[in-house]
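Structural description and commentary
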Amino acid sequence: MAKGILEQLADGIVLGDGGYIVELERRGYVVAGAFTPELAVTHPDAIREMHREFLMAGAEVLQVMAFYGSREKLGTVGYADKTFEINRAATRIVKEVAGDKALVAGDLSATWKWEADSPAAQARVTGMFDEQIEAQEGVDFFIGETFWYFGEALLCLERIKAKTNLPTMITVAFRGSHQTDDDVTAAECAKRLCDAGADIVGLNCMRDPERMYPLIEEMRNATGAYLAAQPVAFRCSDEVPWFTGTPAFPDRLEPNQLTRYEMEAFAYKAKDMGVNYIGSCCGSGASHVREMARALGKYDEPEVWQPNPDDPMSETEFNWKRRQA
Ligand SMILES: [Zn+2]
């Protein structure tokens, strides 16, 4: 890979990948509730396949599938002792799929063990981040994501910077309010993470595009740094603006899934709003990423088929003619 993430961002928008863990649950590989990534060692093909789909769809970055891959979270499904191995295997898998066609981002996420005023808890979380960072050796940059505590996001940034010289992207997840659970606004998150040395700051998960736009605007107004936005592709509402807060989560989400064209519209709007790293999270599959890639001029159309409406051989071609009539 010739150019790193910061060089690519200097050249223009970078397209991220979609969501893994919720889809892997739907496919039968992951237990809802735990949502842990042990399948890097139990079913590596399942991860490989999703990386391949996102790559074919036009994603320019593939994330290590290590969401919730911290020692205590993996311990909830009996895999604590394999934490290093799982993170290392997930990294090898994604690097092999990406080759020189996409960048690979290391992935760290909320540990559920953060406590704002507890030095002991913070030492534990530090240890868990450090283990994952060491295991995810060889990535092009790190993403710390889905943090609803600003303090945990900041610690994640500090650990990546302490242990590597790699560029760092930190994204915060807002649920019911425009503040983190430790009462930091989106604007303050962006500013303070930049001040602490984050190269890319932004938002991911929980909210759909509509409910994320106001937060994107807040962050965009607060900093000139590279901004990332990776919303979910599950419809939320103004009453319940985050998808895990709806009764549909985790096992009745299908009717709420956004169409690929709704994610295409997000890509256009995010570009207009000055988002530099445009991606997606839970609920966003290959078809969504592909339409986002098209919107951003990043999709190479395969030349395998052209419609022949005068001699239709599929319902799609037949409809083509009807649509044009
Ligand atoms: Zn997500």
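Summarised in this report is the structure supplied together with it. (Residues numbered from 1 in each chain as written. Predicted model: local features only at pLDDT ≥ 70, side-chain atom pairs only at ≥ 80, totals over all residues. Heavy atoms only, no water.)

1. Thoughts on the packing of aromatic side chains
Just so we agree on the cut-off: Stacked, tilted and edge-to-face are the three classes assigned to paired rings of Phe, Tyr and Trp, where Trp is represented by its six-membered ring and a pair needs centres within 6.5 Å; plane angles under 30 degrees give stacked, over 60 edge-to-face, the rest tilted. Labels follow the DSSP assignment, with helices taken as runs of H or I lasting at least four residues and strands as runs of E lasting at least two, numbered in each case from the N terminus. Burial classes follow relative accessibility: with a 1.4 Å probe on protein chains only, a residue under 20% of its type's maximum area counts as buried, one over 50% as exposed, and anything between as partly exposed.
Applying the stated rule across the entire model yields 8 aromatic pairs. Ring centres 5.1 Å apart and planes at 80° place the aromatic pair Tyr20 and Phe54 in the edge-to-face group. Taken as a pair, Tyr20 in the loop between β1 (14-15) and α2 (21-26) and Phe54 in helix α4 (residues 44-57) lie far apart in primary sequence, 34 residues in all. The exposure classification of Tyr20 matches that of Phe54, with both residues buried. A ring pair is formed by Phe234 and Phe243, whose centres lie 5.3 Å apart and whose planes are at 20°; its orientation type is stacked. Pair check on accessibility: Phe234 and Phe243 agree, each one buried. An aromatic cluster is built from Phe35, Phe234, Phe243 and Phe249, whose rings are joined through pairwise contacts.

2. Description of the packing of α4 against helix α12 (residues 286-295)
The condition that has to hold: All axes are obtained by fitting lines to C-alpha atoms, using only the stretch in contact for helices, and the reported angles, taken between N-to-C directions, cover 0 to 180 degrees. The scheme is simple: roughly parallel for angles under 35 degrees, roughly antiparallel for over 145, roughly perpendicular for 65 to 115, oblique for anything else. By convention the crossing between two helices is left-handed if the near helix lies anticlockwise of the far one by an angle smaller than a right angle, and right-handed if it lies clockwise. Whether two residues are in contact is decided by their heavy atoms: any pair within 4.5 Å suffices. Residue classes follow a fixed rule: Ala, Val, Leu, Ile, Met, Phe, Trp, Tyr, Cys and Pro count as nonpolar, while Asp, Glu, Lys and Arg count as charged, and any other residue, Gly among them, counts as polar.
One way to put it is that α4 packs onto α12 with a least axis distance of 8 Å and a crossing angle of 20°. By the angle class used here, α4 and α12 are roughly parallel. Along this stretch, α4 crosses α12, giving a crossing that reads as right-handed. Facing Glu53, Phe54 and Ala57 of α4, the residues of α12 in contact are Ala286, Val289, Arg290 and Ala293. Classifying every residue of the contact of α4 with α12 gives 5 nonpolar, no polar and 2 charged.

3. Topic: the sheet that holds strand β5 (residues 168-172)
We apply this condition: DSSP bridges decide pairing: two strands pair if at least two such bridges lie between them.
Read across the sheet, 8 strands follow the order β1-β8-β7-β6-β5-β4-β3-β2 without closing on themselves; strand pairing throughout is parallel. Each edge of the open sheet carries a strand with a single partner, namely β1 and β2 (61-63). As paired strands, β2 and strand β3 (residues 103-109) are joined by 3 bridges and run parallel to one another. What sits directly across from Gln63, in β3, is Ala105.

4. Describing the coordination of the zinc ion
Going by this rule: Distances up to 2.8 Å from the metal define which N, O and S atoms are donors, and 3.2 Å serves for Na, K and Ca; water is absent from the atom set, so sites may look incomplete.
Summarising the metal site, the zinc ion is bound by the protein donors Cys205 (SG), Cys281 (SG) and Cys282 (SG), whose distances to it range over 2.1 to 2.3 Å. Along the chain, the residues donating to the zinc ion fall in the pattern C-x75-C-C. Here Cys282 lies in the loop between β8 (277-278) and α12 and Cys205 lies in the loop between β6 (200-204) and α10 (209-222), a separation of 77 residues in the sequence. There is no split in this pair, since Cys205 and Cys282 are both buried.

5. Some points on the state of the cysteines
Where we set the bar: Any cysteine sulfur atom paired with another within 2.5 Å is treated as part of a disulfide.
For the structure on display, the rule yields 0 disulfides. You can see Cys189 has no disulfide; the closest cysteine sulfur is in Cys194, sitting 11 Å from it.

6. A short note on unusual backbone geometry
Of note, the bond from Phe249 into Pro250 is cis; its omega dihedral lies within 30 degrees of zero at 5°. Within the element layout of this structure, Pro250 appears in the loop between β7 (226-230) and α11 (260-272). Even without glycine at this site, Phe35 takes up a positive phi of about 55°. Position of Phe35 relative to the elements: it lies in the loop between α2 and α3 (39-42).

7. Observations regarding the pattern of salt bridges
Here is the rule: A pair is scored as a salt bridge if a Lys or Arg side-chain nitrogen falls within 4 Å of a carboxyl oxygen belonging to Asp or Glu.
This structure, assessed with the given rule, holds 23 salt bridges. Across the salt bridge formed by Asp208 and Arg211, the nearest N and O atoms sit 2.9 Å from each other. In terms of burial, Asp208 and Arg211 fall into one category: buried. Connected through salt bridges with shared partners, the residues Glu23, Arg26, Arg27 and Glu53 form a single ionic network.

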